[in-house]
Amino acid sequence: MTAQTLTAPAAPTPELADETALLVREIAQYLTARVRTTAHPLVTKTTAELIAEALGAPAAPMAAPVLSGPARALRILPDWVLNFPLLRQLHGGGRHISVAEYLELTALVIERYGWHRGALRSTSGHRCILGAQAVLFRLGYGDETTALAAGHRLQAVLTARGISEPYHRWNDATGRTREEALALVRTAATHARRADQ
């Protein structure tokens, strides 16, 4: 009988561990959200809410779901795949979000996927500002009105700086940096949040 050398399995890379943790968190959020189902798809309130309403008691306020950006692993998928109902349900799913939240998520997509200049996306999945907005739109974060309002907010920040160039062309300018693009998106988000208050 020969002795075999046992080796410990290789530790996962930090990036894989981060993506795994993110996926587990998103699955937990999805499952938590699924707890609030009703007996019939046309019924939009839970039994407790219906009883409270019938008895005239004030309904307990629902906590707003935690908003999280799309998984980093989605960056390598073709954009048309993001329209799949399961992916939309796991992410935005047509949920109404504010313009400020939409812009904050746009910055998050750029941070997670990487920033790009010259096209909506690179072959490795990096996105420009408009490409990051396209990811959110396809996954169902907000709607067309939200996306257009976010674009107007971005343009307003540039206009205030004396720049008349459209923000998607500004993003693609030679010498533009990821930090400048993120700063523009975050400034627009801050302005949108102030306007909502």
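Residues numbered from 1 in each chain as written. Predicted model: local features only at pLDDT ≥ 70, side-chain atom pairs only at ≥ 80, totals over all residues. Heavy atoms only, no water.

### Brief notes about the overall build of the protein chain
Formally: To qualify as a helix, a DSSP run of H or I must reach at least 4 residues; to qualify as a strand, a run of E must reach at least 2; elements of each kind are numbered from the N terminus. Each residue's exposure class comes from its accessible area (1.4 Å probe, protein chains only) as a fraction of the maximum for that residue type: buried when under 20%, exposed when over 50%, partly exposed otherwise. Throughout, a contact is declared for two residues whenever any of their heavy atoms are within 4.5 Å. Here the Shrake-Rupley method, with its probe set to 1.4 Å, supplies the accessible areas, and only the displayed protein chains count as covering residues.
From N to C terminus, the protein chain includes eight helices and zero strands. Put simply, the protein chain runs from its N terminus to its C terminus through helices and strands in the order α-α-α-α-α-α-α-α. Here the protein chain, with 197 residues, has 34% of them falling under the buried criterion. Across the protein chain, every contact between residues at least 6 apart in sequence was considered, and the portion connecting residues at least 24 apart equals 70%. Summing over all exposed atoms, the protein chain offers an accessible surface of approximately 12,300 Å²; the carbon and sulfur share of this is 62%.

### Some remarks on helix α8 (residues 178-196)
Stated formally: Multiplying 1.5 Å by the helix residue count minus one yields the expected span of that helix. Arc definition: it is the arc formed by the directions from the helix axis to the C-beta atoms.
In this model α8 runs 27 Å from its N-terminal to its C-terminal C-alpha over 19 residues, within 8% of the 27 Å that 1.5 Å per residue would give. Among the residues of α8, Ala 181, Leu 182, Leu 184, Val 185, Ala 188, Ala 189 and Ala 192 are the ones counted as buried. The buried residues of α8 occupy an angular sector of 155 degrees when projected down its axis, which confines them to one face. In α8, those exposed residues whose orientation departs by more than 90 degrees from the buried face are Glu 179 and Arg 194.

### Comments concerning the pattern of salt bridges
Applicable threshold: Basic side-chain nitrogens of Lys or Arg form a salt bridge, by our definition, when they fall within 4 Å of a carboxyl oxygen of Asp or Glu.
One pass over the structure, following the stated rule, counts four salt bridges. In this structure, Glu 104 engages Arg 193 in a salt bridge whose closest nitrogen and oxygen atoms are separated by 2.6 Å. Of this pair, Glu 104 sits in helix α4 (residues 99-113) while Arg 193 sits in helix α8; the two residues are 89 residues apart in sequence, bridging distant segments of the chain. Here Arg 178 and Glu 179 are joined by a salt bridge, their closest N and O atoms 3.7 Å apart.

### Notes on the confidence of the model for the protein chain
In regions of low pLDDT, the predicted coordinates are not meant to be interpreted in detail. Heads up, the condition is: Values of pLDDT, which run from 0 to 100, indicate the predictor's confidence residue by residue.
Confidence along the protein chain averages 76 in pLDDT terms, with 57% of residues attaining 70 or more. Mean pLDDT values over the elements of the protein chain span from 62, in helix α1 (residues 14-34), up to 95, in helix α7 (residues 167-172). Residue range residues 59-67 is modelled with pLDDT below 50. Its contacts to residues more than four positions away, or to other chains, number 10 contacts.

### A short note on the packing of α4 against helix α6 (residues 144-160)
Under the convention used in this document: Comment: axis = line fitted to C-alpha atoms, over the contacting stretch for helices; angle = value between 0 and 180 degrees taken between N-to-C directions. Geometric relationships in this document are graded by angle, where less than 35 degrees denotes roughly parallel, more than 145 denotes roughly antiparallel, 65 to 115 denotes roughly perpendicular, and other angles denote oblique.
Between α4 and α6, the least distance of the axes is 9 Å, while the angle of their chain directions is 75 degrees. With respect to each other, α4 and α6 are oriented roughly perpendicular. Contacts from Val 99, Tyr 102 and Leu 103 in α4 reach Thr 146, Ala 147, Ala 149, Ala 150, Arg 153 and Leu 154 in α6.

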